[in-house]
Amino acid sequence: MSFVQDGEIYPMPISQDHKRAFDGDRGPNTGGMGAYSPVPQISETVIEETFGTIVDPAIGAMAAEGTSFNGILYAGVILTEEGPKVIEFNARFGDPETQVVLPKMKSDFGAFMDAILDGRKFDLEWDGQAMLGVVIAADGYPGEIEKGILLPSFEELQGVEVVHAGTRETDKGFVGNGGRVLLVSAKGESLLAAQEKVYKELDKLEWLGYFYRTDIGWRAMQN
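Once a new chain begins, its residue numbering starts again from 1 and follows that chain's sequence as written. The predicted origin of the model limits local features to residues at a pLDDT of at least 70 and limits the giving and counting of side-chain atom pairs to 80 or more, whereas totals for whole chains, interfaces and linings rest on all residues. The basis for the side-chain values is all heavy atoms of the structure; hydrogens and waters are excluded.

K.L.:
Whenever I open this one, the nonpolar core confuses me. Can you help?
P.N.:
The nonpolar side chains of a soluble globular protein tend to be buried with one another. By convention a nonpolar core is built from buried Ala, Val, Leu, Ile, Met, Phe, Trp, Tyr and Cys residues, the set being connected through side-chain atoms within 4.5 Å. The buried label applies to any residue whose accessible area, calculated with a 1.4 Å probe on protein chains only, is under 20% of its type's maximum; exposed applies above 50%, and partly exposed to all values in between. Core analysis: the largest hydrophobic core is formed by 26 residues, its most contacted members being Val134, Ile136, Leu202 and Trp207. We count a stretch as a helix when DSSP gives it H or I for four or more residues in a row; a strand needs E for two or more, and each element gets its number in order from the N terminus. Only strand E9 (130-138), strand E13 (180-188) and helix H4 (191-202) provide two or more residues apiece to this core. Counting 14 residues, the second-largest nonpolar core is a separate cluster that includes Met1, Phe3, Ile72 and Val101.

K.L.:
I keep staring at the environment of Ile87 and nothing clicks. Help me out?
P.N.:
Tracing the backbone shows Ile87 in strand E8 (residues 83-90). Sequence separation between Ile87 and Lys104 is 17 residues, and the spatial gap between their C-alpha atoms is 25 Å. By the convention used here, residues are in contact when the closest approach between their heavy atoms is within 4.5 Å. When near neighbours in sequence (up to four residues on either side) are disregarded, Ile87 contacts Gly76, Val77 and Ile78.

K.L.:
For this particular structure, what's the right way to read the packing of aromatic side chains?
P.N.:
Working definition: an aromatic ring pair is given by the centre-to-centre distance plus the angle between the planes. Note on ring pairs: Phe, Tyr and Trp rings are taken, using the six-membered ring of Trp, and paired if centres are within 6.5 Å. Classes follow the plane angle, with under 30 degrees stacked, over 60 edge-to-face and the rest tilted. Inspection of the entire model under this criterion finds nine aromatic pairs. Note on Phe3 and Phe93: the rings are 6.1 Å apart at their centroids and 80° apart in plane angle, and the pair reads as edge-to-face. Taken together, the residues span a long stretch of sequence, with Phe3 in strand E1 (residues 2-5) and Phe93 in the loop between E8 and helix H2 (97-101) at a distance of 90 residues. Phe3 sits in the buried class, given a relative accessible area of 1%. With a centroid separation of 5.7 Å and 50° between ring planes, the pair formed by Phe22 and Phe211 is classed as tilted. Here the residue Phe22 occupies a position in strand E4 (residues 20-22), and Phe211 occupies one in strand E14 (residues 210-211), the gap between them amounting to 189 residues. By relative accessible area, which is 39% here, Phe22 ends up partly exposed. Overall, Phe211 belongs to the buried group, its relative accessible area being 16%. Members of the aromatic cluster, joined through ring pairs, are Phe3, Tyr10, Phe93, Phe109, Phe112 and Phe122.

What is shown is where atoms sit, not what they do.
See below:
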């Protein structure tokens, strides 16, 4: 993902999403069951090649055709034997990737937005910590689901962020109101530390009517 303004590209740290519903990358494709950043199995050389052969040329070509792009450019890329190839372009943030990328921004987000909208250069800074997030989904997702099932209270959770998605607040508490209902994330000095923190907190609660993958970040742990 990159912020783009008048041909100026501000790359975000890369992230890895998990599309399959169940552990071990099994089951149907979903909108994303969790993500992590950084992605240690993808080298800086590959990242530079991706920007040099895909992102930069795409932005340059749009400007050359008189249709310059300003906004969020999300290049979904797969690494093949022939190098990085485009799966898709999106003109928006990605979900759940954004939830593990934006918390790594050290710069003031509002000041950055003001600067690029005014056409001013900005020294965008990111921290070096790892971030990992796990999606909580309703049983049956991405197929038929039941809405209105009460979610556990999050008061016991410590050291994690809870991002609501498909929820609704009632007088009894939050209930599910969609397929993917929450993302629970943590930051750590390493991906392993962030992963352990998230799952330790998730294990404190009973998720009746909901499920989540227990192996988010497993590819990174192989490196």
